[in-house]
Amino acid sequence: MTGPAGKLLAEVYRLAGLRDWDGVAALCAPDFVVYEAPGLPYGGEWRGQDALQRVATAMYGTWETAKVDIHEIVGGKEWGVVVLTLTMTSKRTGRTFSQTVNEAGRFKDGILQELRIHYFDAAEVAAEA
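Numbers given to residues run from 1 along each chain, matching the order in which its sequence is written. A pLDDT threshold of at least 70 governs which residues receive local features in this predicted model, and a stricter bar of 80 or more applies before side-chain atom pairs are shown or counted, although totals over entire chains, interfaces and linings include all residues. Excluded from the side-chain calculation are hydrogens and water; included are all heavy atoms of the structure.

Draft legend 1. Representation of helix α1 (residues 4-17) in the model. Under the scheme used here, helices are H or I runs from DSSP no shorter than 4 residues and strands are E runs no shorter than 2 residues, and both carry numbers assigned from the N terminus. Helices are assigned an expected span. That span is 1.5 Å times one less than the residue count. Spanning 14 residues, α1 covers 20 Å between terminal C-alpha atoms, matching the ideal 20 Å at 1.5 Å per step. Residue contacts are defined here by distance: any two heavy atoms, one from each residue, within 4.5 Å place the two residues in contact. Residues of α1 that are buried sit in contact with α2 (21-26), α3 (51-62), β3 (63-75), β4 (79-90), β5 (96-108) and β6 (111-119). Positive backbone phi, approximately 60 degrees, marks Arg-19, located one or two places after α1.

In structure tokens:
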């Protein structure tokens, strides 16, 4: 059984999957931050309640195709983690490849404060982008 942070993170991902960005924003703090690996075309810090929408648009726009398969969402009181596979097709090379990605979200008072995205091999992602 997952704790409250895992349940809240599952709701964020459910709403994002529905492209209900207003619903996602309502679960994010005004100073919410998404951290992507700095070497990626969409890398760096994305700030604001609409940050998840903006980074998702940038990430999906980088690839010919990109598909997310969520395997598990777990969490405790403050942190939740999503384990997923991201399968991308490079616009540049045409190569399709997959990465295991862990996305760790920190909550305070039921509101998402930050999301830290960790790729198994960010260098491979950057090279294909």
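Draft legend 2. Molecular detail of the layout of surface pockets. Both site types are read off a 1 Å grid over the protein atoms alone. A 1.4 Å probe that fits but cannot get out defines a cavity, while an open set with protein on both sides within 12 Å along at least five of seven lines defines a pocket; lining residues have an atom within 4 Å of a point. Grid points are joined across faces, edges and corners, and a volume is the space filled by probe spheres set on the points. Estimated volume of the largest pocket: approximately 380 Å³. Counting residues per element, the ones that place at least two in the lining of the largest pocket are α1, α3, β3, β4, β5 and β6. A per-element tally of the lining of the largest pocket places α3 first, with 5 residues. Amino acids are sorted into nonpolar (Ala, Val, Leu, Ile, Met, Phe, Trp, Tyr, Cys and Pro), charged (Asp, Glu, Lys and Arg) and polar (every other residue, Gly among them). A breakdown of the residues in the lining of the largest pocket according to their chemical character gives 17 nonpolar, 1 polar and 3 charged.

Draft legend 3. Region of the structure containing the nonpolar core. Residues Val-34, Leu-52 and Tyr-119 are the most contacted members of the largest nonpolar core, which totals 34 residues. Counting only elements with at least two residues in this core, the list comes to α1, α2, β1 (28-36), α3, β4, β5 and β6. In terms of residues, this core owes the most to one element, α1, which gives 6 residues. The term nonpolar core refers to a set of buried residues drawn from Ala, Val, Leu, Ile, Met, Phe, Trp, Tyr and Cys, joined through side-chain atoms within 4.5 Å. Three labels apply to residues, based on accessible area from a 1.4 Å probe with only protein chains included: buried if under 20% of the type maximum, exposed if over 50%, partly exposed otherwise in between.

Draft legend 4. Representation of the sheet that holds β6. A pair of strands counts as paired when DSSP detects no fewer than two bridges linking them. The strand order across the open sheet built from 6 strands is β2-β1-β6-β5-β4-β3, with neighbouring strands paired in mixed fashion. The open sheet has two free edges, formed respectively by β2 (44-47) and β3, since each of these has just one partner strand. Averaged over all neighbouring strand pairs, the angle between strand axes comes to 20 degrees, with direction disregarded. Both β3 and β4 contribute to a ladder of 11 bridges, which runs antiparallel. Here the axes come from fitting lines to C-alpha atoms, over the contacting stretch only for helices, and the angles between their N-to-C directions go from 0 to 180 degrees.

Draft legend 5. Spatial organisation of the packing of aromatic side chains. Centres within 6.5 Å make a pair out of two Phe, Tyr or Trp rings, where for Trp the six-membered ring is used; the pair is then stacked when the planes are under 30 degrees apart, edge-to-face when over 60, and tilted otherwise. In the structure shown here, the tally under the stated rule is 1 aromatic pair. Aromatic pair Trp-63 and Phe-97: ring centres 5.8 Å apart, planes at 75 degrees, arrangement edge-to-face. Highlighted residues: Trp-63 in strand β3 and Phe-97 in strand β5, separated in sequence by 34 residues. Summarising the burial analysis for this pair, Trp-63 and Phe-97 share the class buried.

Draft legend 6. Representation of the pattern of salt bridges in the model. Counted as salt bridges are all cases of a side-chain nitrogen of Lys or Arg within 4 Å of a carboxyl oxygen of Asp or Glu. In this structure the tally under the stated criterion is 9 salt bridges. With its nearest N and O atoms 3.2 Å apart, the salt bridge here joins Asp-69 to Lys-67. Take Asp-69: its relative accessible area is 28%, and that puts it in the partly exposed class. For Arg-95, the salt bridge goes to Glu-124, with nearest N and O atoms at 2.9 Å. With Arg-95 in the loop between β4 and β5 and Glu-124 in helix α4 (residues 122-128), the pair connects residues that are 29 residues apart, well separated along the chain.

Draft legend 7. Local environment of the pairing of β1. Counting buried positions along β1 gives 7 out of 9 residues, so the element sits mostly inside the fold. Relative to β6, β1 runs parallel, the two sharing 4 bridges. Bridge pairing in β6 links Tyr-35 to Arg-116. The sheet contact formed by β1 and β2 spans 4 bridges and is antiparallel. Looking at β2, one finds that Tyr-35 is bridged to Glu-45.

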